[in-house]
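Spelled out from the first residue to the last, the chains are:
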Amino acid sequence: MSELTPPVVILDRPQMAENIGAVARVMANFGLDRLRLVSPRDGWPQERAWATASGADWVLEGAQVFDTVAAAIADLNTVFATTARPRETRQPVRTPRESARVLYDDTASGLKVGLLFGAERAGLETTDIALCQGITTIPIDPRHQSLNLAQAVAINAYEWRTLVLDAPPPNFREGEAPADGALQLGMYEHLERELEAAGFFHPPEKLRSMSQNLRVMLGRSGFSAQEVATFRGVITALSKGRGRVLERLAAQKAGRKASDD
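Below is a short write-up of the structure.

A look at the overall build of the protein chain
Here is step 1: A tally of helices and strands in the protein chain yields ten helices and seven strands.
Here is step 2: Relative to its full complement of 261 residues, the protein chain shows a buried share of 43%.
Here is step 3: Accessible surface, the protein chain: about 14,100 Å² in total, of which carbon and sulfur atoms supply 51%.

Following this line, the structure appears as structure tokens:
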């Protein structure tokens, strides 16, 4: 069996300790052991999680807690949001089997990967989905679409485990690795600050949807760390150029006013 680092499982705002424990149990069943929790409703740790983990204590003991999804995925290169396909974003949509293959290949290439799951009732925010590199949708029967959190994790974990046991030859990624989540988020926020200063987000109430669309569009490009640095250099150059233009216009206006006086 190939010695690959399994995907990180990230639970966004999990509500019930029993569900966290059940997730830990299925993770252990299929060889996943890295669990991250984003703002669990009742805090962490919670004794009831251990009761439902059925002995998968090492998963719970190693769980990390974060305040935001952005912080939880900051060190990861490839993250898939496990959710129904949202209308608000255009990202690659894959089945768990297809996603497992991509994550397997990326891991074999030395990248850090993860699967993001939403809260039991609310699911994932579109703003958090926009930080991911794709969407994983479980093809359940539309007549009964109720699937609990641990079941969703189990289906994805099973597909990963099947690939690892079969040990298929990995499709190694060519070229530079994509930048991690922290570098990508820094690029997004840098661009959005400058666009806001330039009056791009108009009317203001469209800022949220427009910024999400920009993040999805840029995220599909899979920028490397060097490309992120280059793109941020372009943003800085353009913002400085805009500043010089404004200075010239102000100087010209001042000159005209002086001549009028």
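Description of the pattern of salt bridges
Here is step 1: Applying the stated rule across the entire model yields ten salt bridges.
Here is step 2: Note that Glu 125 is salt-bridged to Arg 208, the shortest N-O span being 3.7 Å. Of this pair, Glu 125 sits in the loop between strand E6 (113-117) and helix H6 (126-129) while Arg 208 sits in helix H9 (residues 207-219), placing them 83 residues apart in sequence.
Here is step 3: Given the relative accessible area of 35%, Glu 125 is considered partly exposed.

Topic: the side chain of Gln 91
Here is step 1: Secondary-structure assignment places Gln 91 in the loop between strand E4 (78-82) and strand E5 (93-94).
Here is step 2: A polar contact of 2.9 Å, which involves the side chain of Gln 91, links it to the backbone oxygen of Cys 132.
Here is step 3: Not counting the four nearest positions on each side in its chain, Gln 91 is found in contact with Ile 129, Ala 130, Cys 132, Gln 133, Gly 134, Ile 135 and Val 216.

A few points about the sheet that holds strand E3 (residues 64-66)
Here is step 1: Spatially, seven strands are ordered E3-E2-E1-E6-E4-E7-E5 in an open sheet, and the strand pairing comes out parallel. Strands at the two margins of the open sheet, each flanked by one partner only, are E3 and E5.
Here is step 2: Note: strand E1 (residues 8-12) against strand E2 (residues 35-38), four bridges, orientation parallel. Paired with Ile 10 across the two strands is Arg 36, which belongs to E2.
Here is step 3: Against the sheet, helix H7 (residues 149-166) engages E1, E4, E6 and strand E7 (134-136), with an angle of about 155° to E6.

A closer look at the packing of aromatic side chains
Here is step 1: Counted by the stated rule, this structure contains four aromatic pairs.
Here is step 2: For the pair Tyr 104 and Trp 160, a centre-to-centre distance of 6.2 Å together with 55° between the ring planes defines the contact as tilted. Pair noted here: Tyr 104 is in helix H5 (residues 96-108) and Trp 160 is in helix H7, with a separation of 56 residues, a long-range link.
Here is step 3: What makes Tyr 104 buried here is its relative accessible area of 2%.
Here is step 4: Trp 160 gets classed as buried once you look at its relative accessible area, which sits at 5%.

Comments concerning unusual backbone geometry
Here is step 1: Residue Pro 45 follows Trp 44 across a cis peptide bond; omega there is 5°.
Here is step 2: Despite not being glycine, Ser 54 has its phi angle at roughly 50°, a positive value.
Here is step 3: You can see Ser 54 is positioned in the loop between helix H2 (47-52) and helix H3 (57-61).
Here is step 4: You can call Ser 54 exposed: its relative accessible area is 52%.

Criteria and cut-off values
Residues numbered from 1 in each chain as written. Predicted model: local features only at pLDDT ≥ 70, side-chain atom pairs only at ≥ 80, totals over all residues. Heavy atoms only, no water. Helix = DSSP H or I, 4+ residues; strand = E, 2+ residues; numbered from the N terminus. Buried < 20%, exposed > 50% of the residue type's maximum accessible area, 1.4 Å probe, protein only. Areas by Shrake-Rupley, 256 points an atom, 1.4 Å probe, with all protein chains shown as cover. Salt bridge = Lys/Arg side-chain N within 4 Å of Asp/Glu carboxyl O. Polar contact = N/O pair within 3.5 Å; in protein donor to acceptor, adjacent residues only side chain to side chain. Contact = heavy atoms within 4.5 Å. Pairing = 2+ DSSP bridges. Axes fitted to C-alpha atoms, helices over the stretch in contact; angles between N-to-C directions. Phe/Tyr/Trp six-rings, centres within 6.5 Å; stacked < 30°, edge-to-face > 60°.

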